[in-house]
Amino acid sequence: MEVIVRPANDIIDYPSWDEFSKKLLALIDADFSHIILDLEQVEHMNSSTIGTIISSHTKMAEAGRQLSLINLNNNLADLLKHMRLTEILTIR
């Protein structure tokens, strides 16, 4: 079973990161086979958010499950590319 997460705005401060992180961890614990992060409404994210995405991807992969990112704007796509995370993360 898959689930789509659609953050409604940027994830750049502690409250928005904390909410995003808790929601993502709860979905991982809920045993979804595929978590899709739809980032269409997100223009910016901080390093903590990127770290949460990487650790969530790792947890999902270790359990034989998948985490994907979709609808990234050009700035986020370029950032992840420059960090070479496009080699690790599934981005559609």
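Look above for the structure.
Everything in this summary refers to the structure shown in the same document. (Residues numbered from 1 in each chain as written. Predicted model: local features only at pLDDT ≥ 70, side-chain atom pairs only at ≥ 80, totals over all residues. Heavy atoms only, no water.)

Brief notes about the nonpolar core
Here is step 1: Counting 23 residues, the largest nonpolar core has Ile 35, Leu 37, Leu 39, Met 45, Ile 53, Leu 67 and Leu 69 as its most contacted members.
Here is step 2: Of all the secondary structure elements, the ones that give two or more residues to this core are strand S1 (2-5), helix H1 (14-29), strand S2 (34-38), helix H2 (47-62), strand S3 (66-70) and helix H3 (74-82).
Here is step 3: Not counting chain neighbours up to four residues away, the residues in contact with Leu 37 comprise Val 5, Phe 20, Leu 24, Ile 53, Leu 67, Ser 68, Leu 69 and Ile 70. (Core = buried A, V, L, I, M, F, W, Y, C linked by side-chain atoms within 4.5 Å. Buried < 20%, exposed > 50% of the residue type's maximum accessible area, 1.4 Å probe, protein only. Helix = DSSP H or I, 4+ residues; strand = E, 2+ residues; numbered from the N terminus. Contact = heavy atoms within 4.5 Å.)

Focus on the packing of aromatic side chains
Two aromatic rings are characterised by how far apart their centres lie and by the angle between their planes.
Here is step 1: Per the counting criterion, the structure on display carries one aromatic pair.
Here is step 2: The interplanar angle of 50 degrees and the centroid separation of 5.6 Å between the aromatic rings of Tyr 14 and Trp 17 together place this pair among those described as tilted. Residue Tyr 14 and its partner Trp 17 are located together in helix H1, separated by three residues, close to a single helical turn. (Phe/Tyr/Trp six-rings, centres within 6.5 Å; stacked < 30°, edge-to-face > 60°.)

Considerations on the environment of Asp 31
Here is step 1: Mapping Asp 31 onto the fold places it in the loop between H1 and S2.
Here is step 2: On the basis of relative accessible area, Asp 31 is assigned to the exposed category, the value being 57%.
Here is step 3: Spatially, the C-alpha atoms of Asp 31 and Ser 16 are 23 Å apart, while their sequence positions differ by 15 residues.

Topic: the pairing of S2
Here is step 1: Counting buried positions along S2 gives five out of five residues, so the element sits mostly inside the fold.
Here is step 2: Judged by which residues are buried, S2 turns out to be covered on both faces: His 34, Ile 36 and Asp 38 on one side and Ile 35 and Leu 37 on the other are all buried.
Here is step 3: Of the pairings in the sheet, the one linking S1 to S2 comprises four bridges and is parallel in character. Looking at the pairing, Ile 4 lines up with Ile 36 of S2.
Here is step 4: Taken together, S1, H1 and S2 constitute a β-α-β crossover, and its handedness is right-handed.
Here is step 5: Pairing between S2 and S3: five bridges, direction parallel. By the bridge assignment, Asp 38 is partnered in S3 with Ile 70.
Here is step 6: Each parallel crossover has a hand, and the one from S2 via H2 to S3 is right-handed. (Pairing = 2+ DSSP bridges. Right-handed = clockwise from strand over helix to strand, strands pointing away.)

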